[in-house]
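Coordinate analysis (summary)
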Amino acid sequence: MKRYLSLTLLIAVVLVAGLHSLLSAASTVVREHPRLFFRSGAWDNGRGLTLAEIRSRYGREDASVVRGQLNGSLANDALRALILQAYPDSMQASVEAAQRAIAKLSQPIDCNNPTTTQGEVLGYYAMAYDWLHGHPSFNEASKKVARENIATAAQSLIRALGGGSHIFHTRMYGWATGVALAGLALAGEHPDADFFTEYGGDFYQERLFPARALQDGAVHNSFGYGRKYTMWLTGHFISCWHSATAENLWKTIDTEQGGWARKEMLFNIYGRYPDGTYLRFGDSYSLTSDFYTFRAVSERVAAYRDPVCQGFLQKLIEQNAGLVVEKPTAYVYFLNYDPELKSVPIGTLPTRKLFSRDGLGMAVWKSGWEDNGTTVFFKCGNYFGNHGHFDQGHVDIYRRAPLLIDSGHYLTFGGEFRTEYWHRTVAHNTILITDPALPREEGGQRVFSSQSDDTIGKYLANSQAETGDLLEYVERDWFSYAAGDFTAAYPAGRAESVTREVAFVDNRFVVVLDKVRTSRPELTARVLWHCSTFPQRAKEGRRFTVDRQGGRAVATVLLPDKAVVAWVDSFEVGGRKIQPAGKYAAVDGMGVGRFEITDEAPGTDHIFLTVIEVTDVPADPNAWDPPVGEVSVQIEGGAIRIQLDGREFRMRHTGIGLLH
Ligand SMILES: [Zn+2]
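Residues numbered from 1 in each chain as written. Predicted model: local features only at pLDDT ≥ 70, side-chain atom pairs only at ≥ 80, totals over all residues.

With that settled, consider the overall build of the chain. Assigned secondary structure in the chain consists of 17 helices and 23 strands. For a compact globule of 660 residues, the expected C-alpha radius of gyration is about 26 Å, and the chain comes in at 27 Å, within 12% of that figure. Its C-alpha atoms give the chain principal-axis dimensions of roughly 80 × 55 × 45 Å. Classification of the 660 residues of the chain by burial places 52% in the buried group. In the chain, of all internal contacts separated by at least 6 residues, the share reaching a separation of at least 24 is 69%. (Helix = DSSP H or I, 4+ residues; strand = E, 2+ residues; numbered from the N terminus. Rg over C-alpha atoms; globule rule 2.2 N^0.38 Å. Buried ≥ 20, exposed ≤ 12 C-beta atoms within 10 Å, placed from the backbone. Contact = placed C-beta atoms within 7 Å.)

Have a look at this one:
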């Protein structure tokens, strides 16, 4: 359906909705309640979730920790009322929960200047209306008020969606979910219901699904926003659509759209470090919450019944002593977690995974799934707006703790720390190209706003969003390799070519080869390595070591011949310190400073080669710079020949690629 909406048009469309719905999915919404997420009787050939199954999960011993959390929020109270309604001796508790929920449903949703939250809240209203529909406490007068509150909010959010949108912004996911769930809940009981269903359903299928497909399991806006909103709200829409219309979009995504929803589970698994924190990229305001992960992964496990991802959920439950949901969304545990589903340990997954080759270009390489393992992260792709960073080419290294990092933290959104530092290139392990005539300037990638691409076609046609490409990707048993070109990320007049090739060799060496051709010889290319703790530096100056919590990264700068390896204090941009201050508290591990590698040789062409050995701190605490693996490089016959403790491979001296 095309985006039309002024309010006048909305009314006109509503008038013909009765006719239109004969031809649309809206007409297939079942008329029984409950119908959001589950039904009373068997559906989907017996595979669909039923109320009886939820009641059985609620009563299980292993649910005791979460059972006590199922109250207080609208969705929790509504589900609690519905579950307890079946048992005479808990009827009083059921009535109390229902009354709390009904009191909330009688209040309008304030949709002036809505954010993602209003869409989420509308979704809760729809779920509560649906779940409480047969409850003795929910009389016709209360239902009528609830329907009007839901419909009024849905109309507001449709206006908001029509008033300008960006398909990668969390608000669109919130609002479309709210609108669709409103329609599905009110079908047959409100004249606008079919229109809401169709509007929300079309918005997802025509606009947001192509956005999710391009990101191919990954997400641009960090493990904070990405898990909490983008993935989770999408899953709520798909699950409710399935139960209410019998159309299984989880399956359609798998068979016709490259399986992006299934890969979202894997992105959460690969992005979680053994210590329970998550990969840093974008506005990652939360690096610790397993709650968000459980939400996003569990709704996909419920759909796909994937045994390895079920194994991951069980690991989360175990590591969080059972309390794997935050209180307001405790209901997801009972909807999504089936303790009887077959499970397989995550150690059976491959250790390497590439996400969104054509979009975000994110490679995650692990030495293994062991607790002291190494994780290498490389990103080289496009910019997607809303909470993304200007960080193409960034490499992140973790072992036992983050070692070489995306520095900074979410201390402020609009304030200087983010706008002048954290979201800029200078905060990342990638490349600056500075102009000596502009000493106050960062030299980073283009900083721009991208908030109005309301279709995938518009996004793809928006040339400023094109910032990088992952050109080659190879996985072999002892060797993984990725090559990216992110020339397009830099402002005009800075770079003719910027490429980075990254290899992970023997689960031990990370090889980073950069080739930069600047636009003018007086420009300076700078390769950055941000340290999470103060490094130690070898006398010869081309080697530094970062130790943290028993993990160690030893970086050796092999090229250029005339390399200068200089230390710059934390949060410094163009000679000025940006104070790490804002609304939120600073955290440990935000970074203590960075090395900047430059080439003293003249000209526009510069090749940088850094080899980082990732290992453990040896038992002898005084041996801070112990013998590391032998690393060496020769340039000969068009090849860069790299030897790493007995291993040898060759990369092209010009252009990119491996030589065999
Ligand atoms: Zn960042």
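Still to come is the rest of the account.
With that out of the way, let us pick up the pairing of strand 22 (residues 647–652). Note on strand geometry: in a regular strand, side chains alternate between the two faces of the sheet. Taken together, the six bridges between strand 21 (residues 639–644) and strand 22 define a ladder with antiparallel strand orientation. Note that in strand 22 the partner of Arg641 across the bridge is Arg650. Remark: two residues form the turn of the hairpin made by strand 21 and strand 22, two consecutive strands paired antiparallel; Asp645 in that turn has positive phi of roughly 50°. Relative to strand 23 (residues 658–659), strand 22 runs antiparallel, the two being bridged by two bridges. Among the inter-strand pairings, Met651 is bridged to a residue of strand 23, identified as Leu658. Hairpin connection from strand 22 to strand 23: five residues lie between these consecutive antiparallel strands, with Gly655 at a positive phi of about 70°. (Pairing = 2+ DSSP bridges.)

Our focus in this paragraph is the sheet that holds strand 19 (residues 605–616). Read across the open sheet, the eight strands follow the order 7-8-9-10-19-14-13-12; overall the sheet is antiparallel. Since the sheet does not close on itself, it has two edges, and those belong to strand 7 (469–475) and strand 12 (536–537), each with one partner. With ten bridges joining them, strand 9 (residues 495–505) and strand 10 (residues 509–518) adopt antiparallel strand pairing. The residue of strand 10 that forms the bridge with Ser497 is Arg517.

To continue, consider helix 10 (residues 222–245). For helix 10, built from 24 residues, the straight-helix expectation of 34 Å at 1.5 Å per residue is met to within 8% by its first-to-last C-alpha distance of 32 Å. Count one or two residues on from helix 10 and you reach Ala246, which has phi positive near 75°. (Expected span 1.5 Å × (residues − 1).)

This part takes up the nonpolar core. With 191 residues, the main nonpolar core has Ala128 and Ile150 as its most contacted residues. Split by domain, the residues of this core number at least three in each of domain 1 (5–348) and domain 2 (352–619). (Core = buried A, V, L, I, M, F, W, Y, C linked by C-beta atoms within 7 Å. Domains from an automatic or database assignment.)

End to end, helix 14 (residues 307–319) covers 18 Å across 13 residues, agreeing with the expected 18 Å (1.5 Å per residue, within 8%). Restricting attention to buried positions, one finds in helix 14 the residues Cys309, Gln310, Gly311, Phe312, Leu313, Leu316 and Ile317. Those residues of helix 14 that are buried lie in contact with helix 12 (260–270) and helix 13 (290–304). A positive phi of about 50° marks Ala321, the residue just after helix 14.

Here the focus is the environment of Lys366. If you trace the backbone, Lys366 turns up in strand 2 (residues 362–366). In sequence terms Lys366 and Thr230 are 136 residues apart; their C-alpha atoms lie 25 Å from each other. With residues up to four places along the chain from it excluded, the contact list for Lys366 reads Thr351, Gly373, Thr374 and Thr375.

The strand order across the open sheet formed by four strands is 20-21-22-23, and the pairing between neighbours is antiparallel. Sheet topology places strand 20 (631–636) and strand 23 at the edges, where each strand pairs with a single neighbour. As judged from the six bridges shared by strand 20 and strand 21, these two strands associate in the antiparallel manner. Along strand 21, the bridge assignment pairs Glu636 with Ala639.

Looking now at the pairing of strand 3 (residues 374–379). In terms of burial, strand 3 is largely enclosed, as six of its six residues are buried. Of the two faces of strand 3, the one holding Thr374, Val376 and Phe378 and the one holding Thr375, Phe377 and Lys379 are both buried throughout. Bridge count between strand 3 and strand 4 (residues 395–399): five bridges; the pairing is antiparallel. The partner of Phe377 across the bridge, within strand 4, is Asp396.

Here the focus is the domain arrangement of the chain. Taken domain by domain, the chain consists of domain 1 (5–348) and domain 2 (352–619). Mapped by element, the contributors of at least two residues to the side of domain 1 that touches domain 2 are helix 9 (193–215), helix 10 and helix 12. Broken down by element, the side of domain 1 that touches domain 2 gets its largest block of residues, five residues, from helix 9. Classifying every residue of the side of domain 1 that touches domain 2 by side-chain character gives 16 nonpolar, 14 polar and five charged. (Nonpolar A, V, L, I, M, F, W, Y, C, P; charged D, E, K, R; others polar.)

Running from N to C, helix 6 (residues 116–132) and helix 7 (residues 140–162) point in directions that differ by 150°, and their axes come no closer than 10 Å. By the angle class used here, helix 6 and helix 7 are roughly antiparallel. Helix-helix and strand crossings are classified by hand; for helix 6 and helix 7 the assignment is left-handed. Of helix 7, the residues touching helix 6 (which contributes Gln118, Gly119, Leu122, Tyr125, Ala126 and Tyr129) are Ala146, Asn149, Ile150, Ala153, Ala154 and Leu157. In terms of residue class, the contact of helix 6 with helix 7 is made up of nine nonpolar, three polar and no charged. (Axes fitted to C-alpha atoms, helices over the stretch in contact; angles between N-to-C directions. Parallel < 35°, antiparallel > 145°, perpendicular 65-115°, else oblique. Left-handed = near helix turned anticlockwise from the far one by under 90°.)

Mapped onto the fold, Thr425 is located in the loop between helix 16 (416–422) and strand 6 (431–434). Along the primary structure Thr425 and Phe203 are separated by 222 residues, whereas in three dimensions their C-alpha atoms are 33 Å apart.

A few words now on unusual backbone geometry. The step from His33 to Pro34 runs through a cis peptide bond, and the omega angle for that step is -5°. Tracing the backbone shows Pro34 in the loop between helix 1 (7–20) and helix 2 (51–59). For the bond from Leu559 to Pro560, the omega torsion is 5°, close enough to zero to count as cis. Phi angles above zero are rare outside glycine, and Asn113 is one such case at about 50°. In this structure, Asn113 sits in the loop between helix 5 (91–105) and helix 6.

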